[in-house]
Amino acid sequence: MPDAAARYIYKICSAADWTACQRDGHLPWAPVDERDGFIHLSSATQLRGTAEKHFRDRPDLMLLEVDPNLLPEGALRWEISRGGERFPHLYADLPLAAVVRAESTPLGKNGVPQLPLAAPAPDLDPA
């Protein structure tokens, strides 16, 4: 169990990809990740915007809470993206061992995935 003071980053993925991650030991890359050459992640404060923009009306999603300290060394970069914000991008596979919690994200009445993790830790962005 990670230290309660640890800070996490997040990945929204399909339930099928989460099942594959548990089977194969790493999360499959989404088409957008393959296109861009890295796995798109979000900080706690970016998560709601990511859900609204990219996952509206998509059922069977999972929210993965990821410990960045368990990612391959040097593979996580904070880069400018949507709205000029720095987002965490992973230039490697996301290993199952780095996922500290996974929960389903049912759609709300507005079609946006409900984010079930209570009180995410403060952002990690090292800027």
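Each value, and the rule that gives it
- Residues numbered from 1 in each chain as written.
- Predicted model: local features only at pLDDT ≥ 70, side-chain atom pairs only at ≥ 80, totals over all residues.
- Heavy atoms only, no water.
- Phe/Tyr/Trp six-rings, centres within 6.5 Å; stacked < 30°, edge-to-face > 60°.
- Helix = DSSP H or I, 4+ residues; strand = E, 2+ residues; numbered from the N terminus.
- Lys NZ or Arg CZ within 6 Å of the ring centre and 35° of its normal.
- Buried < 20%, exposed > 50% of the residue type's maximum accessible area, 1.4 Å probe, protein only.
- Arc of directions from axis to C-beta.
- Contact = heavy atoms within 4.5 Å.
- Pairing = 2+ DSSP bridges.
- Axes fitted to C-alpha atoms, helices over the stretch in contact; angles between N-to-C directions.
- pLDDT = per-residue confidence, 0-100.
- Core = buried A, V, L, I, M, F, W, Y, C linked by side-chain atoms within 4.5 Å.

Chemist: Could you give me a rundown of the packing of aromatic side chains, with the residues and numbers involved?
Modeler: Overall, the coordinates contain one aromatic pair when judged by the stated rule. Taking 5.2 Å as the distance between ring centres and 45 degrees as the angle between the ring planes, the aromatic pair formed by Phe-38 and Tyr-91 counts as tilted. Pair noted here: Phe-38 is in the loop between helix H2 (31-36) and strand S3 (39-40) and Tyr-91 is in the loop between strand S6 (86-90) and strand S7 (94-95), with a separation of 53 residues, a long-range link. We note Arg-77 situated over the ring of Tyr-91; from NZ or CZ to the ring centre the distance is 4.0 Å.

Chemist: Any chance you could break down helix H3 (residues 47-54) for me, citing the residues and the numbers?
Modeler: Among the residues of H3, Leu-47, Thr-50 and Ala-51 are the ones counted as buried. Summarising the axial view, the buried residues of H3 lie within an arc of 100 degrees, below the 170-degree limit, and thus occupy one face. On its buried side, H3 packs onto strand S1 (9-14), strand S4 (61-66) and S6.

Chemist: Give a detailed account of unusual backbone geometry, specifying residues and quantitative values.
Modeler: Not every positive phi belongs to a glycine, and Asp-57 is a case in point at roughly 60 degrees. Counting through the fold element by element, Asp-57 comes out in the loop between H3 and S4. A residue is classified by how much of its surface remains accessible, and Asp-57, at 53% relative accessible area, is exposed. A positive phi angle, near 60 degrees, is found at Asp-60, a position not held by glycine. Asp-60 sits in the exposed class, given a relative accessible area of 60%.

Chemist: Requested: an account of the sheet that holds S1, with residues and values cited.
Modeler: Here three strands make up an open sheet; going across it, the order is S1-S4-S8 and the pairing antiparallel. Each edge of the open sheet carries a strand with a single partner, namely S1 and strand S8 (99-104). Mean inter-strand twist for the sheet, computed between neighbouring axes without regard to direction, equals 25 degrees. With five bridges joining them, S4 and S8 adopt antiparallel strand pairing. For Val-66, the partnering residue across the bridge sits in S8 and is Val-99.

Chemist: Any details on the sheet that holds S3? Residues and values, ideally.
Modeler: The strands making up a sheet are joined through hydrogen bonds of the backbone, oriented either antiparallel or parallel. The antiparallel open sheet is built from three strands, whose spatial order is S3-S6-S5. Both edges of this open sheet fall to S3 and strand S5 (76-80), since each of them pairs with a single strand only. Summarising the sheet, S3 and S6 pair through two bridges and their orientation is antiparallel. If you follow His-40 over to S6, its bridge partner there is His-89.

Chemist: Before we move on, can you summarise the confidence of the model for the protein chain with the specific residues and values?
Modeler: Taken residue by residue, the protein chain gives an average pLDDT of 87. The fraction at 70 or more is 87%. Predicted confidence for residues 1-6 stays below pLDDT 50, and this span has five contacts to residues more than four positions away or in other chains.

Chemist: Residue-level account of the nonpolar core, with values.
Modeler: Trp-18, Leu-64, Val-66, Leu-71, Leu-90 and Leu-94 are the most contacted members of the largest nonpolar core, which totals 18 residues. Going through the elements one at a time, S1, helix H1 (15-24) and S4 are the ones with two or more residues in this core. Per element, the largest residue contribution to this core is three residues, and it comes from S4. Residues in contact with Leu-94, not counting those within four places in the same chain, are Lys-11, Gly-25, His-26, Leu-27, Ile-39, Leu-64, Val-66 and Leu-71. One finds Tyr-8, Phe-55, Leu-61 and Leu-115 within the second-largest nonpolar core, a separate group that totals eleven residues.

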